[in-house]
Amino acid sequence: AADMGDDLERILLPAERLGARLDEIAAQVDADYAGRDLLLVGVLKGAVMVMADLARRLSLPIEMDWMAVSSYGAGTTSSGVVRILKDLDTDLSGRHVLIVEDIVDSGLTLSWLLANLRSRGPASVEIMTMLRKPEAAKVEVDVRYVGFEIPTEFVVGYGLDYAEKYRNLPFVGTLASHVYAE
Ligand code: PRP
Ligand code: MN
Ligand code: MG
């Protein structure tokens, strides 16, 4: 694993818990989408880890596509401004779409993305997120699959970054305040 020095305060969710929860969610997704043609849409860059780990647990035949949007920039708080940096390659008309995210914080990214993808004529659009901060929600987003509800702290690892770092940590941890106070 990466050498994080003393940048982390504590480990919130070790790799084994993330994996065990994904086993459960993958079984639900397999059951819910049985006999249907599923497209996973990963939201770059944060969702890379959960997308790979969920996809490899599914027994269903699936397709994977990616969208890059950004609402955070380099800071620790959401600006609410969503930009498309890379759009899907896939035509969504008639498709069953499952958006895969690392975290729902304010909900602004996902509520915008949901409306955007729904306007493209899919058969269905649902959301899976590894983490959700219920106390931070500025807008209610209906999320079908949630890995873990977490407290309103700044977390990194398992795809989540601070200033593009720490995404490669195999666990979710809280960042020591001296890192973002520097
Ligand atoms: C982060 C995170 C989610 C979004 C959640 O992405 O990965 O996509 O913010 O925040 P919200 O619920 O307040 O909208 P970010 O914009 O930092 O881009 P990244 O995935 O490339 O890190
Ligand atoms: Mn993201
Ligand atoms: Mg980010």
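Right above here is the structure, for reference.
All of these numbers come straight from a predicted model, not from anything done at the bench.

Each value, and the rule that gives it
- Residues numbered from 1 in each chain as written.
- Chains lettered and ligands numbered in written order.
- Predicted model: local features only at pLDDT ≥ 70, side-chain atom pairs only at ≥ 80, totals over all residues.
- Helix = DSSP H or I, 4+ residues; strand = E, 2+ residues; numbered from the N terminus.
- Pairing = 2+ DSSP bridges.
- Axes fitted to C-alpha atoms, helices over the stretch in contact; angles between N-to-C directions.
- Buried ≥ 20, exposed ≤ 12 C-beta atoms within 10 Å, placed from the backbone.
- Contact = placed C-beta atoms within 7 Å.

## Focus on unusual backbone geometry
With omega at 0°, the peptide bond leading from Leu44 into Lys45 counts as cis. Topologically, Lys45 is positioned in the loop between β2 (38-44) and α2 (48-55). Its identity is not glycine, yet Glu164 carries a phi of approximately 75°, on the positive side. Even without being glycine, Tyr166 reaches a positive phi, approximately 75°. Examined against the element boundaries, Tyr166 turns out to sit in the loop between β8 (155-156) and β9 (172-175).

## Topic: the environment of Ala27
Position of Ala27 among the secondary structure elements: in helix α1 (residues 15-32). Counting along the chain gives 120 residues from Ala27 to Gly147, while the straight-line C-alpha distance between them is 13 Å.

## Concerning the sheet that holds β2
Overall, mixed pairing links the six strands, which are arranged β4-β3-β2-β5-β6-β7 in an open sheet. Looking at strand neighbours, the two that pair on one side only are β4 (83-86) and β7 (145-149), the edges of this open sheet. Each strand of the sheet is rotated relative to its neighbour by a mean of 30°, with strand direction disregarded. Looking at chain direction, strand β6 (residues 124-132) and β7 are connected through four bridges and run parallel. Counterpart to Leu131 in the pairing with β7 is Phe148.

## Things to note about α2
For α2, the full list of buried residues reads Met49, Val50, Met51, Asp53 and Leu54. Looking at the buried residues of α2, the elements they touch are α1, β2, β3 (62-70), β5 (96-104) and β6.

## A closer look at the sheet that holds β9
Strands sit in the order β1-β9-β8 across an open sheet of three strands; the sheet is antiparallel. The open sheet is flanked by β1 (8-13) and β8, the only strands paired with a single partner. By the bridge criterion, four bridges tie β1 to β9 in an arrangement that is antiparallel. Residue pairing for β9: Arg10 is matched across the bridge by Thr174.

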